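# Overview (structure and organization)
Here is what each chain is made of, one letter per residue.
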Amino acid sequence: MPAWDEARVHAATKQLRLASDPRRIRHGHGLRMGQGPGSSLEFHDYRQYVMGDDLRMIDWGVYARSDQLVLRRHRQEISPRIEVILDASASMRLDEKKWSLAAGICALFLELAIHDGAQPILWICQDQAKRCTVKHWHSDLHQAQANGNLGLRCQLNNLHPGSERIIISDGLYPDAGNQFIRRIGAGSGRISFIQVLLESERNPNYNGHVRLLDVEGGERNLLLDEQALAEYRSRFARLQAAWQQSLNGRGAGLIHCDAELDLSASIRDLLKAGIVTPGAGS
Amino acid sequence: MIFGNPWGLLGLLAIPAIIILHLFRQRFQPHYISTLFLFGPEQFNQASGSTREKLRRTGSLIAELLAALALTWFLSDPHLYDHQQARHIICILDSHQRLNAKDSKGHLVVDKAKAACQEVFQTLNSHDRITLIQSGIQPKLLTATAVPIANASLALDRWKADQTFHSLQASIEMAIDLKSASEEAHVIVLSDHKVRIIPDTWQSLSFGEDIGNSGIIDARWFNDERGQRISLRIWRKDDNSDRKVLITNKNNEIIASSQLKNKNGTQHIILPITKSNINIAHIQLTESDQYALDDSCSVVQPPRKLIRVKLNNKMAMYKYIKRALASTHKVEFVENAGHISIDKTLHTPSPGTWQLQIVKQSGPSVIGPFLSRSGHPLLQDLDFTGVLWSGTATKSPAQQQSLLQASQTCLISENVQNKQREINLFIDIKQSNLHKHPAWPSLFANLVEWRLRFTPGLQFYHLSSQMTNRIVLPPKTKGIFLQYPSGEPQSLTADLQGVIQLPRSLMPGTYHLTRDQQGTKKWQTFIVHRLDQRSSDFSNCQSNQTEVSIEETGKVQRIRTRLEHILPLAFAIMAALGAWICYRKEQGMGQ
């Protein structure tokens, strides 16, 4: 069970807001102003009256002055739909700090979404994807176990079209990148990939005779030297580039979070990436 | 640095062995990762067990080396000094069986000696040392020399005063030798009387009491031409009770008895045995006294020994020889093969038959001086002075040894081949006066006694533990089994003469000679008595208990303490356990 810093998450929800992309959100009636016309009290623009428009929206003052039928439109009130996809593969629990930070970030986004009046959905991906509603996300997240082998490679059905998707994972999959993003990116809003990594995953520092035991299965006895580690770092860079490339044009892109640091450092990373913005109380 | 067991240093060989194992050991430090796929499909340099690697200071290596060192420490027992300072007491325990006598209060003397000895032990410190010497004909150490008090105390509890009479001199000499090995040793002699033959610096503790006693000091069964009889000697001192001696058979039927008359001194009683078919008789003194061990004993009927002689009645000297032989009362004249054949009556003598041939030779007559072979049993105590010896041999026949000669002439010679013996007496009876000389019957008496020594049977059927015994086996027998009083058999093998010499110091009891190991085919029985007048006489016994105070310490042989045993062993076990845990952790099995 992950134990994230709930106090820090709670405090952050008062200081931050989700930086939603109004162009990609088209659903419901909420607390946030949409990009298009709607039914709020805030003025949006005027347009020529066409047959069939609601006569109540005609600006009769303009008609009196210019003898033209002009329709007065107001800003749309929207409610963003957030879907947080948490990778619960065994690699996420390689270190307890990594899993706690991932859960903390996940809780932060869910809290922010709820605070914005959205109806967030949490997907916990072990060997199967578990859908958690806004009512039960907290207990479900608490009970989540990072012991799956598939993680993000599991079947994700019934994703809400046009929703903003936040993926929290380490992104350590041999076939990462295009395939996965293509699968979940169809019909989605903005996609943010928050990559939680340990320093040892980015830059392993062990050498000599080692037995490498993969937490998701497999082992190998190797003699690691500088050449082998350089090869590793090269492969890791290619993996990251693949993610970056697949996320291009889909929103915030790939955001790195250091698992060795605390949630505050990760929040700074999120602010820097623009996925959250300072709120009114900050 | 001194090593208690230098061979234990071989344990150091484990150190290079461990290092070699670690040099060539495949070391895979386990790492749990999530990015195994990033290491690529290609194999990097696989660690190999046949390649020497740089030695790494792993926990398992250090723990294994420590375990090897600790084990070597345990095995080799290194120490700085071979001796240590401690008080050393040498106790000579008088182990005469008479210490089993009771004093006037009914306490056994041996128990009082043990209690006094334990009291002395209690005044000592735990690191002080004791040496216990059990007196005897051959004194022995009850434990090793200079043992801790606990060991000595256990040995003292097991000690029994069961030795027959002996001198304490051998035990005292042993104590002197042991004392000289230790710088300062205090010697205590525990006995039932004050021992006066010890140095002034030694202490003699006595616990005995001058008590009245009656006891059997000698018992024998005779079976000869005068019939069967049991000879007893009884010692009495200050014993006013009306006592009798009873002789019973194995069914406790009284076959003879006699009243003891004198209250003091030694009585010699001879009781004839008229009943036949009694092999073992039990002798018992009626009434009890303070010392019971000398109040009863057993005697065994010895077989009567006769020398069967085949004598040629046609020979010239027949009557002289027969008269001389008949005077010994131990000869039976037979017509067939016997023990001795005289004058070529047997052409092919049976095994074990001795031949005496009277041979007339052409040598000169001599009147001496006669030179006899020293110590020969045939010529023992014989004096041929005044004998005119004629018919002598000018030289001893081939393969024969001269026993008696005068000048260059041979008078008596012998030839020994295994159990057969041929004796030649070179004499012309018509011219010699030997048959009229006193040496003549003595010569044949010696011959009979000599032959008796080689007749099958035992030399003694009743003996004390300090006597040796001699067994002559029947012809065609090479070995026999001696069955001890405890029932344990011992195989004995005879020499070429068919003789077995039994050692002295046999424990008192009844011994059987059997033809089989199981003891079913009994041949002869003999008894080793514990009887001795000196064991039954308590005149010199007294009680003299003085306080033992020992302050001087001396050098004693170092003893490895229990801590010195346990500490390196525990350390080795802990290091080995640590090595195992480290190894498991290094191999990742501990997670």
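A quick note: this is a predicted structure, and the numbers were derived from the prediction, not measured.

## Quick look at the overall build of chain A
Regarding its fold elements, chain A presents eight helices and 12 strands. In chain A, buried positions account for 38% of the 282 residues. Sequence separation of 24 or more characterises 75% of the internal contacts of chain A that already satisfy a separation of 6 or more.

## Considerations on helix α8 (residues 263-273) of chain A
All names here are of chain A. Regarding α8, the residues found buried are Leu 263, Ser 266, Ile 267 and Leu 270. Looking straight down α8, one finds its buried side chains confined to an arc of 105°; they lie on one side. Relative to its buried face, α8 has exposed residues pointing more than 90 degrees away, namely Ser 264, Arg 268 and Lys 272. Lining the buried residues of α8 we find α1 (6-15), α3 (96-115), β11 (253-258) and β12 (276-278). Just downstream of α8 lies Gly 274, where phi reads positive at about 85°.

## A look at the sheet that holds strand β24 (residues 409-417) of chain B
All names here are of chain B. Taken in spatial order, the eight strands line up as β19-β18-β20-β21-β25-β24-β23-β22 in an open sheet, and their pairing is mixed. Since the sheet does not close on itself, it has two edges, and those belong to β19 (331-333) and β22 (370-372), each with one partner. Strand-to-strand twist in this sheet, taken as the mean axis angle between neighbours without regard to direction, amounts to 20°. Here strand β20 (residues 340-342) pairs with strand β21 (residues 354-359) via three bridges, running parallel. The partner of Ile 342 across the bridge, within β21, is Leu 356. Each of β18 (307-311), β19 and β20 is contacted by helix α6 (residues 318-326), which is oriented at about 175° to β18, the strand it contacts most.

## Considering the interface of chain B and chain A
Taken together, the contact between chain B and chain A spans 19 residues of the former and 27 residues of the latter. Grouping the constituent residues of the side of chain B that touches chain A by class yields 10 nonpolar, eight polar and one charged. Here strand β9 (residues 208-214) of chain A pairs with strand β2 (residues 29-33) of chain B via five bridges, running parallel. Paired with Asp 214 of chain A across the strands is Ile 33 of chain B, a residue of β2 of chain B.

## A closer look at the sheet that holds strand β7 (residues 164-169) of chain A
Two modes of strand pairing occur in sheets, parallel and antiparallel, and in both the strands are linked by backbone hydrogen bonds. All names here are of chain A. Across the sheet, which stays open at both edges, the six strands sit in the order β6-β5-β4-β7-β8-β11 with mixed pairing between neighbours. In the strand order of this sheet, the two ends are held by β6 (129-132) and β11, each with one partner. Along the sheet, successive strands turn relative to each other by an average axial angle of 20°, direction set aside. As defined by bridge partners, strand β4 (residues 82-87) adjoins strand β5 (residues 121-125) across five bridges and the pair is classed as parallel.

## Points about the environment of His 136 of chain A
Mapped onto the elements, His 136 of chain A comes out in the loop between β6 and α4 (137-143). Counting along the chain gives 15 residues from His 136 of chain A to Ile 121 of chain A, while the straight-line C-alpha distance between them is 9.8 Å.

## Notes on the pairing of strand β10 (residues 203-207) of chain B
Residues and elements named next belong to chain B. Taken across its five residues, β10 has four buried, putting it largely inside the fold. Pairing analysis gives four bridges linking strand β9 (residues 185-191) to β10, with the strands arranged parallel. Its bridge partner lying in β10, Val 189 is registered against Ser 204. Across two bridges, the pairing between β10 and strand β34 (residues 543-544) is antiparallel. Residue pairing across strands places Phe 207 opposite Ser 543, the latter belonging to β34.

Conventions and cut-offs
- Residues numbered from 1 in each chain as written.
- Chains lettered and ligands numbered in written order.
- Predicted model: local features only at pLDDT ≥ 70, side-chain atom pairs only at ≥ 80, totals over all residues.
- Helix = DSSP H or I, 4+ residues; strand = E, 2+ residues; numbered from the N terminus.
- Buried ≥ 20, exposed ≤ 12 C-beta atoms within 10 Å, placed from the backbone.
- Contact = placed C-beta atoms within 7 Å.
- Arc of directions from axis to C-beta.
- Pairing = 2+ DSSP bridges.
- Axes fitted to C-alpha atoms, helices over the stretch in contact; angles between N-to-C directions.
- Nonpolar A, V, L, I, M, F, W, Y, C, P; charged D, E, K, R; others polar.

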